[in-house]
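In case you want the letters, here they are:
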Amino acid sequence: MSDSTVRCWLVERELGDRDFVTLVYATPDGSRYQQRQRSSTALRTGAEVTAATEIPEDELEDVPDEETRERYAAEVDRTADRYDPNDPI
């Protein structure tokens, strides 16, 4: 298990079935990501969703295709321009 973390930015938020929200955080170059699911209740009462978060390197997955990598990288740029890493969004 790695002690190294990577700052990742929120690039996608989607409401799914059964009142769950899927959050996707990606690396600045869009090449790696982590997907999380939280209930809408947890979003209201739990820890805030922030613009960026530190994720252990070994918990990140490779983005499978170039189109998604480019979209994630563009979203990281947009989010980082608008928010500080700890800002709730």
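Residues numbered from 1 in each chain as written. Predicted model: local features only at pLDDT ≥ 70, side-chain atom pairs only at ≥ 80, totals over all residues. Heavy atoms only, no water.

As a further point, take the overall build of the chain. Looking only at helices and strands, the chain has two helices and five strands in total. Going from the N terminus to the C terminus, the chain shows its helices and strands as β-β-β-α-β-β-α. The C-alpha radius of gyration of the chain comes to 13 Å, within 12% of the 12 Å expected for a compact globule of 89 residues. Once the C-alpha set of the chain is aligned to its principal axes, its extents read approximately 30 × 30 × 30 Å. Scored against the burial criterion, the 89 residues of the chain give a buried share of 33%. Considering only residue pairs separated by 6 or more positions, the chain has 61% of its internal contacts joining residues 24 or more positions apart. (Helix = DSSP H or I, 4+ residues; strand = E, 2+ residues; numbered from the N terminus. Rg over C-alpha atoms; globule rule 2.2 N^0.38 Å. Buried < 20%, exposed > 50% of the residue type's maximum accessible area, 1.4 Å probe, protein only. Contact = heavy atoms within 4.5 Å.)

Where strands meet in a sheet, backbone hydrogen bonds hold them as pairs that are either parallel or antiparallel. Read across the sheet, five strands follow the order β4-β1-β2-β3-β5 without closing on themselves; strand pairing throughout is antiparallel. Edge positions in the sheet fall to β4 (52–56) and β5 (61–62), since each of these pairs with one other strand and no more. Against the sheet, helix α2 (residues 66–82) engages β1 (5–15), β2 (20–26) and β3 (32–39), with an angle of about 100° to β1. (Pairing = 2+ DSSP bridges. Axes fitted to C-alpha atoms, helices over the stretch in contact; angles between N-to-C directions.)

Right, let's get into the pattern of salt bridges. Scanning the entire structure with this criterion turns up five salt bridges. Salt-bridge contacts for Arg69 lead to Glu66; the nearest nitrogen and oxygen are separated by 3.0 Å. With Arg69 and Glu66 both in helix α2, this residue pair falls three residues apart, about one helical turn. Ionic pairing is found between Arg78 and Glu75, a salt bridge with its closest N-O pair at 2.9 Å. Here Glu75 and Arg78 lie together in helix α2, a separation of three residues that amounts to about one turn. Residue class for Arg78 comes out partly exposed when judged on its relative accessible area of 35%. (Salt bridge = Lys/Arg side-chain N within 4 Å of Asp/Glu carboxyl O.)

On average, the chain scores 92 in pLDDT, and the residues at 70 or more come to 98%. The spread of mean pLDDT over the elements of the chain runs between helix α1 (residues 40–45), the lowest at 79, and β5, the highest at 98. (pLDDT = per-residue confidence, 0-100.)

Let us look at the UniProt feature "domain: DUF7967" (unreviewed entry) in the chain. Following the UniProt record, the feature "domain: DUF7967" (unreviewed entry) maps to residues 3–89 here. In residues 3–89, helix accounts for 26% and strand for 38%; the two terminal C-alpha atoms are 27 Å from one another. (UniProt positions renumbered as here; feature names shortened; annotations may be inferred.)

Of all hydrophobic cores here, the largest spans 10 residues; its members are Trp9, Val11, Val24, Ala26, Tyr33, Ala51, Ala52, Val63, Tyr72 and Val76. When residues of this core are traced back to their parent elements, those giving at least two are β1, β2 and α2. In contact with Val11, other than residues within four places in its own chain, are Val24, Ala26, Tyr72, Glu75 and Val76. Of all hydrophobic cores here, the second largest spans nine residues; its members include Leu10, Tyr25, Ile55 and Leu60. (Core = buried A, V, L, I, M, F, W, Y, C linked by side-chain atoms within 4.5 Å.)

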